[in-house]
Structures are given as structure tokens and as C-alpha cells.
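Secondary and tertiary structure notes
Residues per chain, in single letters:
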Amino acid sequence: MSSTIRSPYLLFLGDAPDQLAAKTADGIAHWRPEGCVGQLRLEGCQADVGLKDLTLEEGMEAGARTLVIGVANRGGRFSQLWLEILGRALEMGYDLAAGLHNRLVDVPVLAELAEKNGRQLWDVRHPTQELEVANGKPRSGKRLLTVGSDCSVGKMYTTLALEHEMHQRDLKADFRATGQTGILITGSGISVDAVVADFISGAVEWLSPDNEPEHWDLIEGQGSLFHASFAGVSMGLLHGAQADALVLCHEPTRKHMRGLPDYPLPDLKVCMDRNLEAARLTNPEARFTGIAVNTAKLPEDEAGAYLERLEDRFGLPAVDPVRHGVGNLVDRLEENF
């Protein structure tokens, strides 16, 4: 997004059938609770992100400026009930924001109401700015990119946790969102999975431009070089980020790549070598500085032993960002840069 979504937000959970359906709202409520006034749930909603239940009127009184659709809509279509609520929100003065594949601007009644009432429709999954092809030129400032052994292994969570920890230490750092949930958390970014292939690396260059020498851009990774469905996006991020530091994200209990039962998870050494090889095309000094592991499915003692084995094998700090925080990862950054 080339502009910033207005906050605070009222999170629309609609008639979500389960908690997973509201994962976008969950992410926003977890990482930016101070930017949310509450949640709006319809009858039968089976999700709850822990915020106060408000009506549109109550949300406006609490200061909300944008109604964020934080839940996936069923079948890729907006129900009549959704349209009534979204339309009323526009008439009341809300902007609308969503990270869905189907766009708000393509719904005639919403587009008409937005224009009539001078409101913004933010389809954060669909970039609106013109992008250039990447040039690979070095940029000032420092950059970190999270990469994965697979999809959905904690790259966004790890990157946001790094930003939080670095801010606690008064370090200059900014999370750079590359997916719809991250954009809605921060209010800006670019969803690289909706960028035409030739422009992915250029989009990442645009997202993390020249900066102060001590400033870190913390770039949210996507996909995995070893995932047959999404490796292209991962490669574009590696080239465009020109990362000084890489953090590997991993989930150790999986038997195969997510959604691809015929593809086993890669050996971590091979995974790191391939990511380094790709990253060093545009930054020959790129290196791994840590490993972030989602150990949620392991008992505490097994998780600790697993992380110790990784540290012994690779000589890098290995942490579970949820269980242990990312302090050790930031320590390594401060020691090496």
C-alpha cells in the first residue's frame, strides 16, 4: 500500500465458523491491540479475538476509523448480510479494509457508497502503486529476512517479535509487511503474492528503500524455496530484500510440505545453503543469524532438547519465539552488525 490505513480499527469477524477463519483478526488483535477498539461479531460467530464486542455505532463512538474484515468470507462472495453491514459502515464514516482475494472495489454497491460518502476501500492484497523491475543496487541501512523450511511456520510472527524486542532495546527497526495480515497489522506494506512475477523483487526493493546506517528493515518472509507451489515468491523476496541477516523458521513435527504430501521437508542444512546461495546473488555478505522454531506440538522438555541440538549443529541461537521470545536472536544481531 502506498498510503496508510486509518486507525484505530473495529475488527469485523462476521459469522466466522471457527477460530481459524478469523486468523487475520487474531493477528491484528495480538500484535496491535492498542490500534483496535473492539470486535463486531454476527449471530452464530464461533470466533473470538478477545476484544470488546461493539456495534458499528459503539465502534464509531470509541474512535474507530476503519472497519477491517478480519475473517475469510465463505465461497469467495459477500453475503447479503455482510453487504448490509459494510454498506452501513461506509455511510457512517468508516473506511473498509480487507485482505481477501475478492476485492471490495469490485462490489458495485460498496464502490458506489464509498464514492458517495468520500470513504476509502483498502484491498490490501492487491497493490495499487506502479512497481519497477528490480535493479539489485545496494541500499543503505540494514535488512533482515525470515525464510522458511515450509509455509506457515511462523515467519510473520518471528519478524514481528523481532521488531518488538528491538524496540524494547531502543534499536531502530521497522517490520515490513509482505502479506495481507501483516499489512493490516501495520497499516502499510505490499502483498507480494499478488504482484506480477517480474516485479516481485522490485516490490521488495520499494518496500525497503535506503535508510539510516543503523536502521533495520525486518522483512516478512513468504513461502519456502522448497515448496513447489510458492517457491517463486520466496526467491523474489530473497533477491529483492538484499538481506544482511537471515533467520530460518521451521516446524519440526511435519511429515511433508504443507498441502503437498509427496514432498518431504528439506534437511535444514540444505535449506539454509540454498537460501544463502539465492540471497548472495544481491548481497554477497548475507548470512544466517538464528533459527526460530514453532515447537507448539512438542512438550516443553522435548522442545528444549530440540533447540539445543540445533544450536550445537549450526552454532546459531535457536528459539521458539512464543515460548522463549527472540532475545537471543537480537543478541546475535547486536554482536555481529
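This one's a predicted model, so the numbers in the text were calculated from it and none came from an experiment. (Residues numbered from 1 in each chain as written. Predicted model: local features only at pLDDT ≥ 70, side-chain atom pairs only at ≥ 80, totals over all residues. Heavy atoms only, no water.)

**Some words on the pairing of strand E2 (residues 36–41)**
How we decide: Strands were regarded as paired on the criterion that DSSP finds at least two bridges between them. What counts as a helix is a DSSP run of H or I of at least four residues, what counts as a strand is a run of E of at least two, and both are numbered from the N terminus. Call a crossover right-handed when, viewed with both strands pointing away from you, the route from the first strand across the helix to the second goes clockwise.
When strand E1 (residues 9–14) meets E2, the two strands line up parallel, connected through five bridges. Across the sheet, residue leucine 11 finds its bridge partner in E2, namely glutamine 39. Crossover E1 to E2 through helix H1 (residues 23–31) is right-handed.

**Describing the packing of aromatic side chains**
Any two aromatic rings considered together are summarised by their centre-to-centre distance and by the angle between their planes. Formally: For this analysis, a ring pair means two rings from Phe, Tyr or Trp (six-membered ring only for Trp) whose centres lie within 6.5 Å, classed as stacked if their planes differ by under 30 degrees, edge-to-face if by over 60, and tilted for the remaining angles.
The tally for this structure, following the rule as stated, stands at four aromatic pairs. Each ring, one from tryptophan 31 and one from tyrosine 157, has its centre 4.9 Å from the other, and the planes form 65°; the classification is edge-to-face. One end of the pair, tryptophan 31, is in helix H1; the other, tyrosine 157, is in helix H5 (residues 155–168), and 126 residues separate them in sequence. Each ring, one from tryptophan 216 and one from phenylalanine 337, has its centre 5.2 Å from the other, and the planes form 90°; the classification is edge-to-face. Of this pair, tryptophan 216 sits in strand E8 (residues 216–219) while phenylalanine 337 sits in the segment after helix H11 (327–336), and the two are 121 residues apart along the sequence.

**Examining the packing of helix H3 (residues 80–92) against helix H4 (residues 108–117)**
The condition is simple: Fitted lines through C-alpha atoms serve as axes, helices being fitted only where they are in contact, and the angles separating the N-to-C directions of these axes extend from 0 to 180 degrees. When describing relative orientation, an angle under 35 degrees is termed roughly parallel and one over 145 degrees roughly antiparallel, while 65 to 115 degrees is termed roughly perpendicular and anything else oblique. Here, residues are in contact when the closest pair of their heavy atoms is within 4.5 Å. Under this grouping Gly is polar, as are all residues other than the nonpolar Ala, Val, Leu, Ile, Met, Phe, Trp, Tyr, Cys and Pro and the charged Asp, Glu, Lys and Arg.
In contact at an axis separation of 9 Å, H3 and H4 are set at 10° when each is read in the N-to-C sense. Classified by the angle between their axes, H3 and H4 sit roughly parallel to one another. For the pair H3 and H4, contact is made by Leu83, Leu86, Gly87, Leu90 and Glu91 and by Val109, Leu110, Leu113, Ala114 and Asn117, respectively. Looking at the contact of H3 with H4 residue by residue, the class counts come to seven nonpolar, two polar and one charged.

**Thoughts on the UniProt feature "domain: D-glutamate N-acetyltransferase-like C-terminal" (unreviewed entry) in the chain**
Condition: UniProt positions are given in the numbering used here, feature names are shortened, and annotations may be inferred rather than shown by experiment.
As annotated by UniProt and renumbered to match this structure, "domain: D-glutamate N-acetyltransferase-like C-terminal" (unreviewed entry) occupies residues 133–330. For the annotated span residues 133–330, helix accounts for 36% and strand for 15% of the residues, and the straight-line distance between the end C-alpha atoms is 32 Å.

**Details of the environment of alanine 228**
Along the chain, alanine 228 turns up in the loop between E8 and helix H8 (231–241). Taking the C-alpha atoms as reference, alanine 228 lies 8.4 Å from tyrosine 263; in sequence the two are 35 residues apart. Those residues in contact with alanine 228, other than ones at most four positions away along the chain, are Leu260 and Tyr263.

**Focus on the nonpolar core**
The tendency in soluble globular proteins is for nonpolar side chains to be buried as a group. Here is the rule we go by: In this text, buried Ala, Val, Leu, Ile, Met, Phe, Trp, Tyr and Cys residues form a nonpolar core when linked through side-chain atoms within 4.5 Å. Burial classes: relative accessible area under 20% of the type maximum marks a residue as buried, over 50% as exposed, and values in between as partly exposed (1.4 Å probe, protein chains only).
Counting residues in each nonpolar core, the largest one holds 70 residues, and the members touching the most others are Leu11, Leu67, Ile69, Phe78 and Leu96. For this core, the leading source of residues is H3, giving six residues. Once you skip the residues sitting within four places of it in the chain, leucine 67 turns out to touch Leu10, Phe12, Leu56, Leu86, Ala89, Tyr94, Asp95, Leu96 and Ala97.

**Section: the environment of arginine 125**
Inclusion rule: Within 3.5 Å is the distance limit for a polar contact, defined as a pair of N or O atoms, with the added protein rule that one can donate a hydrogen and the other accept it, and that residues adjacent in sequence qualify only through two side-chain atoms.
Take arginine 125: it is sitting in the loop between strand E5 (121–123) and strand E6 (142–148). When the C-alpha atoms of arginine 125 and glycine 148 are compared, they prove to be 21 Å apart, with 23 residues separating the residues in sequence. Excluding its chain neighbours within four sequence positions, the residues that come into contact with arginine 125 are Ala98, Gly99, Leu100, His101, Gln180, Ser191, Asp193 and Ala194. Reaching out from arginine 125, the side chain makes a polar contact with the backbone oxygen of glycine 99 at a distance of 3.0 Å.

**A look at the pattern of salt bridges**
Stated formally: One speaks of a salt bridge when a side-chain nitrogen belonging to Lys or Arg is within 4 Å of a carboxyl oxygen belonging to Asp or Glu.
One pass over the structure, following the stated rule, counts 19 salt bridges. The salt bridge involving aspartate 106 is made with arginine 103; its shortest N-O contact spans 3.0 Å. Judged by its relative accessible area of 33%, arginine 103 falls in the partly exposed class. A salt bridge links aspartate 217 to arginine 176, with the shortest nitrogen-to-oxygen separation between them at 2.8 Å. Of the two residues, aspartate 217 sits in strand E8 while arginine 176 sits in strand E7 (residues 173–176), which places them 41 residues apart along the sequence. Taken individually, aspartate 217 and arginine 176 each receive the classification buried, so the pair is uniform in this respect. In the salt-bridge network here, residues are joined through shared partners; they are Glu165, Arg169, Asp331 and Glu334.

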